[in-house]
Amino acid sequence: QLVESGGGSVEAGGSLRLSCVASTRTFTNYIMNWFRQAPGKEREFVSGITRGGESADYADSVKGRFTIARDNAKNTVYLQMTNLKPEDTATYYCNADTHPRTIVAATRRTYWGQGTQVTVSS
């Protein structure tokens, strides 16, 4: 089970930090990702971090503004969002995946949180 928190409403230029706590004894088995979905749009990748936290990647639209981190001792992944823009408004979803999102894997196991709303006003 993945439980997100930290969403809210901010003005453009503001910051928020999202958290996602995983209920599992094998948190380090999972690559952790954040996705988002705006109304009327498809869900899109935002950021991901490797199992040990040594490497991360970001969508071009958030590079330089968002930072992903994980604390394996707390089974938690974070998304620090700064300089928020109205186009960042979306429901943000935490995702745990046994494989990188870019590969096809028959043994893939993936899990989703319920989402947390982020609204950025201009």
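Preceding this paragraph is the structure being described.
Since the structure is predicted, the reported quantities are computational estimates derived from the model, not experimental observations.

**Regarding the overall build of the chain**
Point 1. When its secondary structure is counted, the chain shows zero helices and 11 strands.
Point 2. On C-alpha atoms alone, the chain measures out to a radius of gyration of 14 Å, which is about the 14 Å that the 2.2 N^0.38 rule sets for 122 residues.
Point 3. With respect to the three principal axes, the spread of C-alpha positions in the chain is 45 × 30 × 25 Å.
Point 4. Residues counted as buried form 43% of the 122 residues belonging to the chain.
Point 5. By sequence separation, contacts in the chain at least 24 residues apart represent 55% of the contacts at least 6 residues apart.
Point 6. Separation between the mean location of the 14 positive side-chain charges and that of the 11 negative ones in the chain comes to 6 Å.

**Digging into the sheet that holds strand β1 (residues 2-5)**
Point 1. Taken in spatial order, the four strands of this open sheet run β1-β3-β8-β7, and their pairing is antiparallel. Looking along the sheet, the strands with just one partner apiece sit at the ends: β1 and β7 (66-71). Averaged over all pairs of adjacent strands, the angle between strand axes in this sheet comes to 15 degrees, irrespective of strand direction.
Point 2. Across six bridges, β7 lies against strand β8 (residues 76-81) in antiparallel orientation. The residue of β8 that forms the bridge with Thr67 is Gln80.

**Here we look at the state of the cysteines**
Point 1. For the structure on display, the rule yields one disulfide.
Point 2. Note that Cys20 is cross-linked by a disulfide to Cys94, the S-S spacing being 2.1 Å. Measuring the twist about the S-S bond at about -80 degrees, one finds the Cys20-Cys94 disulfide to be left-handed. Here Cys20 is found in strand β3 (residues 16-22), whereas its partner Cys94 is found in strand β9 (residues 90-97), with 74 residues between them in sequence. Accessibility assignment for this pair places Cys20 and Cys94 in one class, buried.

**Quick word on the pattern of salt bridges**
Pairing between side chains of opposite charge can happen when their charged atoms approach one another.
Point 1. As enumerated under the stated definition, the model contains six salt bridges in all.
Point 2. When the shortest N-O distance is used, the salt bridge between Arg36 and Glu44 registers 2.6 Å.
Point 3. Its relative accessible area of 5% is what places Arg36 among the buried residues.
Point 4. A relative accessible area of 35% places Glu44 in the partly exposed class.
Point 5. Lys63 is the partner of Asp60 in a salt bridge, and the nearest nitrogen-oxygen pair spans 3.2 Å.
Point 6. According to the relative accessible area criterion, Asp60 is exposed, its value standing at 65%.
Point 7. Counted as one network, the salt bridges with shared partners bring together Arg36, Glu44, Arg65 and Asp88.

**A short note on the nonpolar core**
In a soluble, globular protein the nonpolar side chains are often hidden away together inside.
Point 1. Judged by nonpolar contacts, the single largest core of 27 residues is most densely connected at Met32, Trp34, Phe66, Val77, Leu79, Met81 and Tyr92.
Point 2. Mapped by element, the contributors of at least two residues to this core are β3, β4 (31-37), β5 (44-49), β7, β8, β9 and β11 (116-121).
Point 3. Once you skip the residues sitting within four places of it in the chain, Val77 turns out to touch Leu18, Ser19, Cys20, Phe27, Met32, Trp34, Ile49, Ile68, Ala69, Arg70 and Cys94.

What counts and how
- Residues numbered from 1 in each chain as written.
- Predicted model: local features only at pLDDT ≥ 70, side-chain atom pairs only at ≥ 80, totals over all residues.
- Heavy atoms only, no water.
- Helix = DSSP H or I, 4+ residues; strand = E, 2+ residues; numbered from the N terminus.
- Rg over C-alpha atoms; globule rule 2.2 N^0.38 Å.
- Buried < 20%, exposed > 50% of the residue type's maximum accessible area, 1.4 Å probe, protein only.
- Contact = heavy atoms within 4.5 Å.
- Lys, Arg positive; Asp, Glu negative; His and termini not counted.
- Charge placed at Lys NZ, Arg CZ, Asp CG, Glu CD.
- Pairing = 2+ DSSP bridges.
- Axes fitted to C-alpha atoms, helices over the stretch in contact; angles between N-to-C directions.
- Disulfide = S-S within 2.5 Å.
- Salt bridge = Lys/Arg side-chain N within 4 Å of Asp/Glu carboxyl O.
- Core = buried A, V, L, I, M, F, W, Y, C linked by side-chain atoms within 4.5 Å.

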